[in-house]
2 protein chains.
Amino acid sequence: MRILCSNDDGVHARGLESLEKIARALSDDVWVVAPQEEQSGAARALTLAHPLRFRQYDERRFSVSGTPSDAVVMGVTRIMGDKKPDLILSGVNNGQNLAEDVTVSGTIAAAFQGMSLGVPSIALSLSRLERHNARWETPEAHGAQIVRDLLKAGWPSDVVVNVNFPDCAPDDVAGVEVTRQGHRDAFQLFAEERQDLRGGTYYWYGHTGARSNPPEGTDLRAVYDGKISITPLHLALTHEDSFASLTKALMKS
Amino acid sequence: MRILCSNDDGVHARGLESLEKIARALSDDVWVVAPQEEQSGAARALTLAHPLRFRQYDERRFSVSGTPSDAVVMGVTRIMGDKKPDLILSGVNNGQNLAEDVTVSGTIAAAFQGMSLGVPSIALSLSRLERHNARWETPEAHGAQIVRDLLKAGWPSDVVVNVNFPDCAPDDVAGVEVTRQGHRDAFQLFAEERQDLRGGTYYWYGHTGARSNPPEGTDLRAVYDGKISITPLHLALTHEDSFASLTKALMKS
């Protein structure tokens, strides 16, 4: 089994080390093609207006001057050539990718890009609820078995699997739960105004939002409860109720 | 009604002129906050690792040094201050946003960002199937009425409306159809290798894919048939069938 590892925190990220450990527990044929720089919040962005370049570190390790999606496209269609991967793993992200975050996450975007190129793809993220250091030992302890179980179970070709590890020690993990994408009601993005040293004004994002009390069955709830959350995601965005109501309202006129 | 106009083609884009015409047909209180530079393919990217700045052109016209999502966040939370918009229009994009494109489009991302800030949001795009000049007169002729009809019909607060105008003259538009997001089976991204003038290698995206024969009821079919396509989209990505099958496979172990 040939595994391609990518991420959104960049080729030098600590989480990529954890991902490679997981991948090497599953296979001897592990490749890395990751963004040159951190790309958090890149979402599914593709670099359409600028040239892309890549850098080679060793026979199977590369970085790409673009987004997570760029790294996967370049990896699968160019760098790996006719050695198409059997599996793409993206992560391990330094921070959870839950609820609406999944639509902005570069980690999950890389998995979706792999999927759209016909390769089964899994995104892995590590919750860091408090500001202490990420507990990398938790995905390293449980990641390979989770991937093995997922490969055995299988999933459709238009779906990616979003895995989130809880912010606790490996032995404190309270189990595995298949979940639905939750809704982060208590989260609000804001832009803080700051002055640079030349007197210019710039803005820097932050977010408010205490930990909410998400319902049972959601990705948020599972991770808050110390479980490994597994959520199957796809990109069919049609809202069926509105399809029906707008059809009724607009098609008769 | 206060309307905020944004886009992904940038503040100087031709499509923004069409959007402003549509908005001014609906209201005298029209604001523009758009990206400084073209951001096609930006998806839902947010600029997290760099400072954001904005530029003011006149009382209600601004550009932001970031992505479409950045422009909307800065517009709603900073630039417009306590003058929160009642409606966000994003576009008119120079090119269709149909099928899987909706998950990469900056035009639609701006609408989703508006939605997530609590503002009803509509994305508008103009199909340009052939390589001739975009027919801006078509959204300009039909856009305001479409928006009026949509506002009258209403849609849920967790949904955006994706409007695509067909590549034909205004009088040749074959009607309006509420559609589902289609699937572009015949589309494949590739990266072409090129040499720069210093002998360095770079890559440039292209895509293959003839026009497919998409099924009735999809956004693709409607636009190919000369209709204005209206698709309600949301960001709940859970794949229900896989939720059930993975639950069965993983939760018993």
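Thresholds, definitions, all that
Residues numbered from 1 in each chain as written. Chains lettered and ligands numbered in written order. Predicted model: local features only at pLDDT ≥ 70, side-chain atom pairs only at ≥ 80, totals over all residues. Heavy atoms only, no water. Contact = heavy atoms within 4.5 Å. Buried area = accessible area lost by both parts, 1.4 Å probe. Salt bridge = Lys/Arg side-chain N within 4 Å of Asp/Glu carboxyl O. Polar contact = N/O pair within 3.5 Å; in protein donor to acceptor, adjacent residues only side chain to side chain. Helix = DSSP H or I, 4+ residues; strand = E, 2+ residues; numbered from the N terminus. Pairing = 2+ DSSP bridges. Axes fitted to C-alpha atoms, helices over the stretch in contact; angles between N-to-C directions. Parallel < 35°, antiparallel > 145°, perpendicular 65-115°, else oblique. Left-handed = near helix turned anticlockwise from the far one by under 90°. Nonpolar A, V, L, I, M, F, W, Y, C, P; charged D, E, K, R; others polar. Phe/Tyr/Trp six-rings, centres within 6.5 Å; stacked < 30°, edge-to-face > 60°. Lys NZ or Arg CZ within 6 Å of the ring centre and 35° of its normal. Buried < 20%, exposed > 50% of the residue type's maximum accessible area, 1.4 Å probe, protein only.

Q: Sorry if this is basic, but what is going on with the interface of chain A and chain B here?
A: Note: interface size is frequently given as the accessible area lost on complex formation between the parts. In this assembly, 70 residues from chain A lie in contact with 70 residues from chain B. Summed over both partners, the interface of chain A with chain B buries about 6,200 Å², with 65% contributed by carbon and sulfur atoms. Among the residues chain A hides against chain B, the three largest losses belong to A:Tyr203, A:Tyr205 and A:Leu237. Together they make up 12% of the total. With a closest N to O distance of 3.4 Å, B:Arg78 and A:Glu193 form a salt bridge. For the pair chain A and chain B, the interface holds 26 residue pairs in polar contact (both at pLDDT 80 or more). Residue assignment for the side of chain A that touches chain B shows that the elements contributing at least two residues are helix H2 (68-79), helix H3 (106-116), helix H4 (137-153), strand S8 (176-178), strand S9 (188-195), strand S10 (201-208), strand S11 (228-233) and helix H6 (240-251) of chain A. For the side of chain A that touches chain B, the leading source of residues is H6(A), giving eight residues.

Q: Looking at this model, I keep getting lost on the sheet that holds strand S2 (residues 29-35) of chain B. Mind explaining?
A: Each strand in a sheet pairs with its neighbour through backbone hydrogen bonds, running either in the same direction (parallel) or in the opposite one (antiparallel). Residue and element names in this part refer to chain B. Pairing in this open sheet of nine strands is mixed, and the strands run S3-S4-S2-S1-S5-S6-S7-S11-S8 from one edge to the other. Looking at which strands have only one partner, the edges of the open sheet turn out to be strand S3 (54-58) and strand S8 (176-178). Neighbouring strand axes in the sheet, compared pairwise and without regard to direction, differ in orientation by 20 degrees on average. Of the strand pairs in this sheet, S2 and strand S4 (residues 61-64) are connected by four bridges, and their pairing is parallel. Paired with Pro 35 across the two strands is Val 64, which belongs to S4. The strands that helix H3 (residues 106-116) touches are strand S5 (87-94), strand S6 (121-126), strand S7 (160-165) and strand S11 (228-233); relative to S6, the one it contacts most, it runs at about 170 degrees. Strands S5, S6, S7, S8 and S11 of the sheet are contacted by helix H4 (residues 137-153), whose axis makes an angle of about 155 degrees with S7.

Q: Where do I start with the packing of helix H2 (residues 68-79) of chain B against H3(B) in this structure?
A: If you want to describe how two helices pack, look at the angle between their axes and the distance between the axes. Residues and elements named next belong to chain B. Their axes nearest at 8 Å, the elements H2 and H3 cross at an angle of 30 degrees. With respect to their mutual orientation, H2 and H3 come out roughly parallel. Both H2 and H3 take part in a crossing whose hand is right-handed. Facing H2, whose interface residues are Pro 68, Ser 69, Val 72 and Val 73, H3 presents Gly 106, Ala 109, Ala 110, Gln 113 and Gly 114. Considering only residue class, the contact of H2 with H3 consists of five nonpolar, four polar and no charged.

Q: Would you explain the environment of A:Ile146 in this entry?
A: All names here are of chain A. Inspection of the secondary structure assignment puts Ile 146 in helix H4. When the C-alpha positions of Ile 146 and Ile 230 are compared, they lie 9.2 Å apart, and in sequence the two are 84 residues distant. Ignoring anything within four residues of it in the chain, the contact list for Ile 146 reads Val 163, Phe 165, Val 176, Ile 228 and Ile 230.

Q: Can you help me understand the packing of aromatic side chains in this one?
A: We describe a pair of aromatic rings using the distance from one ring centre to the other and the angle between the two ring planes. All told, the structure shown has eight aromatic pairs over all chains when counted by the stated rule. Here a set of aromatic residues connected by ring pairs shows up, and it is made of A:Trp31, A:Phe54, A:Phe62 and B:Tyr203. The ring of B:Phe243 carries the charged tip of A:Arg180 above its face, separated from the ring centre by 3.9 Å.

Q: Quick question: what am I supposed to make of the pattern of salt bridges here?
A: Opposite charge on two side chains allows them to pair when their charged atoms are near. Residue and element names in this part refer to chain A. Taken as a whole and assessed by the stated rule, the structure comprises 30 salt bridges over all chains. The partner of Glu 140 in a salt bridge is Arg 14, with the nearest N and O atoms 3.1 Å apart. Residue Glu 140 is located in helix H4, and its partner Arg 14 is located in helix H1 (residues 14-26); the two are separated by 126 residues in the primary sequence. The class of Arg 14 is partly exposed, set by a relative accessible area of 32%. With a shortest N-O distance of 2.9 Å, Arg 184 and Asp 101 are connected by a salt bridge. Of this pair, Arg 184 sits in the loop between S8 and S9 while Asp 101 sits in the loop between strand S5 (87-94) and H3; the two residues are 83 residues apart in sequence, bridging distant segments of the chain. Through salt bridges with shared partners, a single network forms among Arg 14, Glu 17, Lys 21 and Glu 140.

Q: Looking at this structure, how should I read helix H1 (residues 14-26) of chain B?
A: Three or four residues apart is the spacing at which side chains of an α-helix point the same way, because the helix has 3.6 residues per turn. If you check which residues of H1(B) are buried, you get B:Gly15, B:Leu16, B:Ser18, B:Leu19, B:Glu20, B:Ile22, B:Ala23 and B:Leu26. The inward-facing, buried residues of H1(B) contact strand S1 (2-6), S2, S4, S5, S6 and H4 of chain B.

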